[in-house]
Amino acid sequence: MSTILPPIALGAWSWGAGAAGGDQVFGNHLSGDDLKPVFEKAMECGLYLWDTAAVYGEGSSERILGEFVREAARKDVILSTKFTPQIAGASPDAMQEMLDGSKERLHTDVIDIYWIHNPMDVEKWTPDLIPLAKSGQIKTIGVSNHNLAEIRRANEILAAEGLKISAVQNHFSLLHRSSERAGILDYCKENGIAFYSYMVLEQGALTGRYNEKNPFPAGTGRGDSYNPHLKKLAALIHELEIVGTRFDASPAQVATAWAIAKGTIPIIGVTKVHQVEEAAKAAQIKLTAEEISRLERMGDATGVHTLRKWEKEM
C-alpha cells in the first residue's frame, strides 16, 4: 500500500443495491459491469483510496469493489471500510466477524483503514479494535460520525494499548460545517489525524445538476432530503459557478477544492468515468482565502441544514 494519501478519496456508497445501498439512497442500479471503467479510470488518475462499508447495500458495495481489487495489484490500492455497530451480531466477536466478512468480499487479508462507523457505544466498541490492529488485520484506525468528546475518549482507550486514531470521517460541506465549529478539524490537525469529509457535494445537491426543474429521483433518501431545499441552494450554486469560471471548473469541482483547502480529504462518490476525471482535476484547484470565505458565507446564508437520520450535530 502506498503510504501517501491521495488528495481525494473515492466513495462506493452508491455501488450495489439492497438496504442502505445505491438503489435505496441514491436511486441508482449499478452493477460491476457499469463500474469497472470507473475503477480503471480512477487508478489511471492516481486516485487509489476507496471508501466503502459492510452496511452499504448489505455488502454489495464491498463485493463489487472487491472484484476489481482482485484483478488489480493489491499494493496499489488503499482500502477503507467500516464496522457498523447497528448491524453487529450479539456475539462477543461481532467486530471480528464483520471484519472477516469485509475481508472476504474485498479479497484481502488486510484492511488499510478500518472505521467504527457510528459511535453507538464508545466504551463497548473501541476496545474491540485493539486486537484487530495488534494482529495486523487493520493498518489504520478511524472513527466516523463521532463528536469531539467521543473522539478524545476513543483515543484514550487506544492510547492505553499504544495505539491511536489516525483518521476521522464526518459529514462536512459548505452546508454542514459543524465538525469545524466544534473544534474537530483543529483537534485533528494538532494530533496528526487525517480528516475525511463525506457528503462534500451533499449527494449531488451542490453539483448544479439538480434544481427545482430537475429534482432528485422521488422516493429516494436524497430526494426526500434535498428536493424541498433546491430553491434555497440556487444562489450558492450560482456562486460556485462564478468561482469556477476562473478555473474552467464545475460547481462540484469548486466544492471539492474548498474541502481540500480546509485541510480535509474529501470522499467523492463516483459512478461515472467523467466524475473521476472531474475529481482528479478538482485537486489542482487552489482557491483564494476570499473565495473560501465568500462561499462559506453563502453556504451559511442558505439556512439549509442537511443533518441526516444517522447523524447528530457535532
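Now for a description of the structure that goes with this document. (Residues numbered from 1 in each chain as written. Predicted model: local features only at pLDDT ≥ 70, side-chain atom pairs only at ≥ 80, totals over all residues. Heavy atoms only, no water.)

Section: the pairing of strand β5 (residues 138–144)
The buried fraction of β5 amounts to six of the seven residues, a majority that puts the element mostly inside the structure. The pairing of strand β4 (residues 111–116) with β5 spans five bridges and is classified as parallel. Bridged to I116 within β5 is V143. Where β5 and strand β6 (residues 167–171) come together, three bridges link them in parallel fashion. Pairing of V143 across the sheet is with V168, part of β6. As for the winding sense of the linkage, the β-α-β connection from β5 through helix α7 (residues 148–159) to β6 is right-handed. (Buried < 20%, exposed > 50% of the residue type's maximum accessible area, 1.4 Å probe, protein only. Helix = DSSP H or I, 4+ residues; strand = E, 2+ residues; numbered from the N terminus. Pairing = 2+ DSSP bridges. Right-handed = clockwise from strand over helix to strand, strands pointing away.)

Describing the side chain of R308
Secondary-structure assignment places R308 in the segment after α14 (289–301). In this structure, R308 is buried with no salt-bridge partner, the nearest side chain bearing the opposite charge being E202 at 5.7 Å. Separated by 2.7 Å, the side chains of R308 and Q203 make a polar contact. Within the local environment of R308, its side chain forms a polar contact with the backbone oxygen of G221, the two atoms lying 3.3 Å apart. When sequence neighbours within four positions are dropped, the list of residues in contact with R308 reads M199, Q203, G221, R222, S225 and Y226. (Lys, Arg positive; Asp, Glu negative; His and termini not counted. Salt bridge = Lys/Arg side-chain N within 4 Å of Asp/Glu carboxyl O. Polar contact = N/O pair within 3.5 Å; in protein donor to acceptor, adjacent residues only side chain to side chain. Contact = heavy atoms within 4.5 Å.)

A word on the packing of aromatic side chains
The tally for this structure, following the rule as stated, stands at 12 aromatic pairs. Considering the side-chain rings of W15 and W50, the 5.4 Å spacing of their centres and the 55 degrees angle between planes classify their relative orientation as tilted. Of this pair, W15 sits in the loop between β1 (9–11) and α1 (22–26) while W50 sits in strand β2 (residues 49–51), placing them 35 residues apart in sequence. Both residues of the pair, W15 and W50, count as buried. (Phe/Tyr/Trp six-rings, centres within 6.5 Å; stacked < 30°, edge-to-face > 60°.)

Remarks on the packing of helix α12 (residues 251–261) against helix α13 (residues 273–282)
Axis separation between α12 and α13 bottoms out at 9 Å; the angle between their running directions is 45 degrees. As summarised for this structure, α12 and α13 are arranged oblique, according to the angle between their axes. Both α12 and α13 take part in a crossing whose hand is right-handed. Only E278, K281 and A282 of α13 make contact with α12, whose side of the interface consists of Q253, T256, A257 and I260. (Axes fitted to C-alpha atoms, helices over the stretch in contact; angles between N-to-C directions. Parallel < 35°, antiparallel > 145°, perpendicular 65-115°, else oblique. Left-handed = near helix turned anticlockwise from the far one by under 90°.)

Points about the pairing of β4
With six of six residues buried, β4 is to be regarded as a mostly interior element. Pairing geometry for strand β3 (residues 78–83) and β4, over four bridges, is parallel. Bridging across to β4, F83 finds its partner in I116. Regarding the hand of the β-α-β motif, the stretch spanning β3, helix α4 (residues 94–106) and β4 is right-handed.

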